[in-house]
Amino acid sequence: MSPALGAMEENLYTKGVLLEPFVHQVGGHSCVLCFNEKTLCKPLIQRECQFYESLPSDMQKFTPKYKGVVSVNFEEDGHGNLSLIAYPLSGDQIEIENIDNMDCEPQNKPLKWSNKKPVLLENDNRSKERVRQHRKEDNINSHEEMERLKKSEVLRYSIEKKGNISSQSKHNPWTVKCQQHLKRMKENAKHQNQYKFILLENLTSRYEVPCVLDLKMGTRQHGDDASAEKAANQIRKCQQSTSAVIGVRVCGMQVYQTDSGQLMFMNKYHGRKLSVQGFKEALYQFFHNGKYLRRELFDPVLRKLLELKTVLEKQESYRFYSSSLLIIYDGKEVQRVAADSDQDSEDLSEDSADESAGAHAYKCSSGTVDVRMIDFAHTTCKYYGEDSVRHEGQDTGYIFGLQNLISIVKEIRDDSGE
């Protein structure tokens, strides 16, 4: 590393990088945070870290880019608010080009992470009192949000013009729930203030209004190291959901509804209750924007799913227990007009655009949709020397679910054709 880069890195991490909430998390129990606009941060699990560091090359395009490990300090003030600050590991060097440092320069004053936008701590007493009042309101709002989340499995929130969730709720409701994981981490290790987190590519960063579907893949969810109680619990969940029947179930969903200007959220509790027909309807809903079906998305999604299936069929001994598959697209559409049309895209009225949607009025390529595997805490492979159980051949449960997913997407596409 050049002296200039070394100096830049040292200056960057003098005060650390504040981790902020990631508002597009729709599933999972481990809280995901933003390191910067293009990079996410989540608690390190050794098996998952090992997977990323030994990832087969042909699988790299179907997983988030792995960017390394950081040390995270938990700091708590007198009001119970946590600040999470990331630093490079002791003696470790993080490549600046890999973590997009231009997006993550630390502030001059400490920022406290609460359930809403972080507030800058000011020095005068009046400002401190205002900060305390805001925190009190945030805690009340967080409690109310958690109570509402427990009662509601499908929620809708309005979004602002720039794609941010409105003041009605600064976070996807599942994000609020996952924040409790951070508090448990702190409570379970009262004498530990440093944790390791891994850095991963933010797959939603290039989308203005990300629509995200989180699918739990495979007919089995428990890892080889699961206790008998844990294994029985996971088997029960599979048997009582679509996992046992088709090898896939909904774990979370966020989709933009253009008719109402709202984001619709579905959580894993609702996903577990779905029948196979209900799963198909949920998938249909994911591709529907409230006005019409986004049929232009089907072929790009299918191409990526089929390519992923081909890649996984070549993987020897891997078992992706409890991992998820993300499908992501942009709720913000780009209009196109046929080449022989004299009408400018700016002249297309909302009504005419809706009518033209049946003829694929919006352009879409495979680059505008994303299909990625995530969550590898229970993944195993015969090359992991410490594993006592060695599997041979393909992960048939995962591939079974993937094939059924492909068939259902094709069915929705074909049934919606003119």
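Residues numbered from 1 in each chain as written. Predicted model: local features only at pLDDT ≥ 70, side-chain atom pairs only at ≥ 80, totals over all residues. Heavy atoms only, no water.

**Observations concerning the packing of helix α9 (residues 276–286) against helix α12 (residues 396–415)**
Applied cut-off: A fitted line through C-alpha atoms represents every axis, and for helices the fit uses only the stretch in contact; the resulting angles, taken between N-to-C directions, go from 0 to 180 degrees. Put simply, DSSP H or I for four residues or longer makes a helix, DSSP E for two residues or longer makes a strand, and each gets a number counted from the N terminus. Handedness of a crossing follows from how the near helix is turned relative to the far one, being left-handed for an anticlockwise turn of less than a right angle and right-handed for a clockwise one. Note on contacts: a residue pair is in contact if any heavy atoms of the two residues lie within 4.5 Å. Throughout this entry, Asp, Glu, Lys and Arg are counted as charged residues, while Ala, Val, Leu, Ile, Met, Phe, Trp, Tyr, Cys and Pro are counted as nonpolar. The remaining residues, Gly among them, count as polar.
It is at 10 Å that the axes of α9 and α12 come closest, and there the two elements cross at 65°. Between α9 and α12 lies a crossing of right-handed hand. Two secondary-structure elements touch here, α9 through Phe279, Lys280, Leu283 and Tyr284 and α12 through Leu405, Ile408, Val409, Glu411 and Ile412. Its residues assigned to classes, the contact of α9 with α12 comprises 7 nonpolar, no polar and 2 charged.

**Comments concerning the pairing of strand β3 (residues 33–36)**
Consecutive side chains of a regular strand alternate in pointing toward one face of the sheet and then the other. The test is simple: Two strands qualify as a pair provided DSSP detects at least 2 bridges between them.
Bridging between strand β2 (residues 20–21) and β3 involves 2 bridges; their strand directions are antiparallel. Bridging across to β3, Glu20 finds its partner in Cys34. For β3 and strand β4 (residues 39–43), the ladder comprises 3 bridges, and the chain directions are antiparallel. What sits directly across from Cys34, in β4, is Leu40. Counting the residues that bridge the hairpin from β3 to β4 gives 2 residues.

**Regarding the packing of aromatic side chains**
Worth spelling out the cut-off: Only centres within 6.5 Å qualify two rings of Phe, Tyr or Trp (six-membered ring in Trp) as a pair; their planes then separate them into stacked at under 30 degrees, edge-to-face at over 60, and tilted for everything else. Throughout this description, buried means an accessible area under 20% of the type-specific maximum (1.4 Å probe, protein chains only), exposed means over 50%, and partly exposed covers the range between. The rule for a charge over a ring is simple: NZ of Lys or CZ of Arg within 6 Å of the ring centre, and within 35 degrees of the ring normal.
Counting across every chain of the model gives 13 aromatic pairs. When the centroid spacing of 5.6 Å and the interplanar angle of 70° are considered together, the rings of Phe51 and Tyr52 count as edge-to-face. Overall, Phe51 belongs to the buried group, its relative accessible area being 0%. Between the aromatic rings of Tyr318 and Phe320, the centroid separation amounts to 5.5 Å while the plane-to-plane angle is 0°, which identifies the pairing as stacked. Neither Tyr318 nor Phe320 differs from the other in exposure class; each is buried. Among the aromatic residues, ring-to-ring pairing joins Phe51, Tyr52, Tyr66, Tyr318, Phe320, Phe376 and Tyr398 into one connected group. The residue whose ring lies beneath Arg220 is Tyr321, and the NZ or CZ to ring-centre distance is 4.1 Å.

**Quick notes on the packing of helix α10 (residues 298–312) against α12**
The test is simple: Here the word oblique covers every angle except those under 35 degrees (roughly parallel), over 145 (roughly antiparallel) and from 65 to 115 (roughly perpendicular).
For the pair α10 and α12, the least separation of the axes is 10 Å and the interaxial angle reads 160°. Between α10 and α12, the angle is such that the two are roughly antiparallel. The crossing of α10 and α12 is left-handed. Each of Phe298, Asp299, Leu302, Leu305, Leu306, Leu308, Lys309 and Leu312 in α10 lies in contact with α12, whose residues at this interface are Tyr398, Ile399, Leu402, Gln403, Leu405, Ile406, Val409, Lys410, Ile412 and Arg413. Residues belonging to the contact of α10 with α12 are distributed by class as follows: 13 nonpolar, 1 polar and 4 charged.

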